[in-house]
Amino acid sequence: MAKQKIVIKMTMPTAKSRARAMALAARASGVGSIGITGDLKDRLEVVGEGIDITCLVHCLRKKVCCHAEILQVEEVKDKKPEKKKPEEEKKPCPCPGPCRCAAVGYCHAPMPMVLCEDPPEGICRVM
């Protein structure tokens, strides 16, 4: 049997009536978790497997002395673990000799050292 989420709208004006409703729902067979939701805190959300919804609503009406109606019943799907994407192949570093690029986090290519003098021709020489 699959997990299901049931939302029940109830008239719960006080914190005491909310606590009584939650305690009653927690004792029902098959209930996994419960919670109070909604802007006015007027909805009881019950999650579990094999819950007898009509019996739960009848007991809430009888023991908590309030109006209760079923708003929503839906199946809860378990989250599947996400598949990891394959890592891209690392490109070899263009650095000559031993490389520290992995420790730094980026790759650097050595820059040639340029020394410019004012020769008569006006050409820069690369060392």
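Placed above this text is the structure.
Residues numbered from 1 in each chain as written. Predicted model: local features only at pLDDT ≥ 70, side-chain atom pairs only at ≥ 80, totals over all residues. Heavy atoms only, no water.

### What to know about the nonpolar core
Formed by 18 residues in total, the largest nonpolar core has its most connected members in Ile-8, Met-10, Val-46, Leu-56 and Leu-60. Looking at this core element by element, the count peaks at 5 residues for helix α2 (residues 53-64). Apart from residues lying up to four places away in sequence, Val-46 is in contact with Gln-4, Lys-5, Ile-6, Ala-25, Val-31, Ser-33, Ile-34, Ile-51 and Leu-56. (Core = buried A, V, L, I, M, F, W, Y, C linked by side-chain atoms within 4.5 Å. Buried < 20%, exposed > 50% of the residue type's maximum accessible area, 1.4 Å probe, protein only. Helix = DSSP H or I, 4+ residues; strand = E, 2+ residues; numbered from the N terminus. Contact = heavy atoms within 4.5 Å.)

### A closer look at the side chain of Arg-18
Structurally, the position occupied by Arg-18 is in helix α1 (residues 15-27). Although Arg-18 lies buried, it forms no salt bridge, and the closest oppositely charged side chain, Asp-42, sits 8.3 Å away as judged by the N-O distance. The contact partners of Arg-18, leaving out residues within four places of it in the chain, are Met-12, Pro-13, Ile-36 and Lys-41. (Lys, Arg positive; Asp, Glu negative; His and termini not counted. Salt bridge = Lys/Arg side-chain N within 4 Å of Asp/Glu carboxyl O.)

### Comments concerning unusual backbone geometry
Residue Lys-41 is not a glycine yet carries a positive backbone phi of 55°. Here Lys-41 shows up in the loop between β2 (31-37) and β3 (43-49).

### What to know about the environment of Lys-63
Tracing the chain through its elements places Lys-63 in helix α2. Along the backbone, Lys-63 and Ala-21 are 42 residues apart, and their C-alpha atoms lie at a distance of 8.4 Å.

### Observations regarding α2
Its 12 residues give α2 an end-to-end C-alpha distance of 16 Å, which sits within 8% of 16 Å, the value for a rise of 1.5 Å per residue. For α2, the complete set of buried residues consists of Ile-53, Leu-56, Val-57, Leu-60 and Val-64. Relative to the axis of α2, the buried residues are bounded by an arc of 95° and lie together on one face. The exposed residues of α2 that point more than 90 degrees off its buried face are Thr-54 and Lys-62. On the buried face of α2, the contacting elements are β1 (3-10), α1, β3 and β4 (68-75). Backbone geometry just after α2 places Cys-65 at a positive phi near 60°. (Expected span 1.5 Å × (residues − 1). Arc of directions from axis to C-beta.)

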